[in-house]
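Letter by letter, the chains look like this.
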Amino acid sequence: MTFCMKTTYLGLELSSPLVASAGPTTRTLDGLRLLEQSGAAAAVLPSLFEEQIEHEQLALHRLYEYQAESYAESLSYFPTMPMYGVGPDEYLKYLEEAKSAVRMPLIASLNGASPGGWMRYARNMQDAGADALELNIYYVPTDPSESAAEVERRYAEMVNNVSVTVDIPLAVKLGPSFTALPHFAQQLASAGADGLVLFNRYLEPNIDLDSLQIVPDLELSSRHEIRPSLRWIAILRDTVTVSLAATSGAHMAEDVVKLLLVGADVVMMTSALLKFGAQHLKKVDEDLREWCVQREYRSIDQLRGSMSRANCPDASALERGNYMKALQSYTA
């Protein structure tokens, strides 16, 4: 029996639901080529950070103002902005080169917390050949007077600002901490989002006990981390019409199957590719096909969403229904 692996994400026709998410594996042309050869249907490029854009704007401002300052040394009091690998111009150049190096769709990525120069660079990414754009909003609310509704409105405004700037599809990558996610998802869709990526693994701080400094600490995902995505994609699949991508924790074909069953259009991977290499995608692809054919599925479309909340025999299992059962099974 012939099995069709094709899927649609953000309006893009993809050869399979396996997508390489942003990370070291998508940072080089050789890496992108290997991913495509190994079966990646699309790839998300590493993010261009808001801080990189601000750094470029600040440097340009200093250049223009240098001759106008009587005491130019005062400019040295500006804080030094950190560099994240490449600047905006280098990013756009890499995007253009990547479009010539591979045939699979490429999704550019913007990461930040305020509108800043996003709109201009979003348009530049489109002009450089990006097939879609992923907006990775990393905002940590620390003001106790700022309500959850105000945070959500901030997100929606940023999405709307970018969506009216570009003509290519726009996905929004979210963290799992929003209080009323179905309502918020509808807000983002109304603001112009064509898809949601669930869920982001934010870089969490740690403390170095020797230096007594707060330091970044990044660990690769583990397989149990698909569970928040599993629950919320199952719930959202029947309440929003936008594309849904699952990310964080998908390492094996079994993880991909579960996420497709609840309604994901694509499943994104990074940690598994760092652990096992880009060619791990071939194994995942083969095992996914075998699982589906053995159970007489004919296509990804037939599989997708068949265990969403609306199609689940006991929808309470996605809410509180399994809570006591899980606790009892553990203590037993």
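Treat the numbers as computed from the prediction; the structure is a model and nothing was measured.

J.: Quick one: what's the story with the overall build of the protein chain, residue by residue and with numbers?
T.: The helix and strand inventory of the protein chain stands at 12 helices and 12 strands. Per-residue burial for the protein chain yields a buried fraction of 46% across its 332 residues. Looking at the protein chain as shown, the accessible area adds up to about 17300 Å², and 51% of this sits on carbon and sulfur atoms.

J.: Run through a nonpolar patch on the surface, naming residues and quoting values.
T.: A contiguous nonpolar patch, built from Ile207, Leu209, Leu212 and Ile214 and spanning about 510 Å² of accessible area, is present on the exposed surface. Structurally, the position occupied by Ile207 is in strand β9 (residues 204–208).

J.: Now, about the confidence of the model for the protein chain: what can you tell me, with residues and values included?
T.: On average, residues of the protein chain score 84 in pLDDT, and 80% of them reach the 70 mark or higher. Between the elements of the protein chain, mean pLDDT differs from a low of 51, seen in helix α2 (residues 50–65), to a high of 98, seen in strand β11 (residues 243–246). Low pLDDT, under 50, characterises residues 57–84; the stretch is placed with 19 contacts to residues that sit more than four places away or in other chains.

J.: Residues and numbers for the environment of Leu261, please.
T.: The topology assignment puts Leu261 in helix α8 (residues 253–262). Leu261 sits 43 residues away from Arg304 along the chain, and the two C-alpha atoms are 4.9 Å apart. Setting aside residues no more than four positions away along its own chain, Leu261 makes contact with Trp291, Tyr297, Leu303, Arg304, Gly305, Ser306, Met307 and Ser308.

J.: Can you break down the environment of Asn200 residue by residue, with the values?
T.: Along the chain, the position of Asn200 falls in the loop between β8 (195–198) and β9. If sequence neighbours within four positions are ignored, Asn200 has contacts with Asn136, Lys173, Leu174, Gly175, Pro176 and Ser248. Within polar-contact distance, the side chain of Asn200 engages the side chain of Asn136 at 2.7 Å.

Rules used in this analysis
Residues numbered from 1 in each chain as written. Predicted model: local features only at pLDDT ≥ 70, side-chain atom pairs only at ≥ 80, totals over all residues. Heavy atoms only, no water. Helix = DSSP H or I, 4+ residues; strand = E, 2+ residues; numbered from the N terminus. Buried < 20%, exposed > 50% of the residue type's maximum accessible area, 1.4 Å probe, protein only. Areas by Shrake-Rupley, 256 points an atom, 1.4 Å probe, with all protein chains shown as cover. Patch = residues over 30% accessible without salt bridge, like charges linked within 9 Å, V, L, I, M, F, W, Y side chains within 5 Å. Salt bridge = Lys/Arg side-chain N within 4 Å of Asp/Glu carboxyl O. pLDDT = per-residue confidence, 0-100. Contact = heavy atoms within 4.5 Å. Polar contact = N/O pair within 3.5 Å; in protein donor to acceptor, adjacent residues only side chain to side chain.

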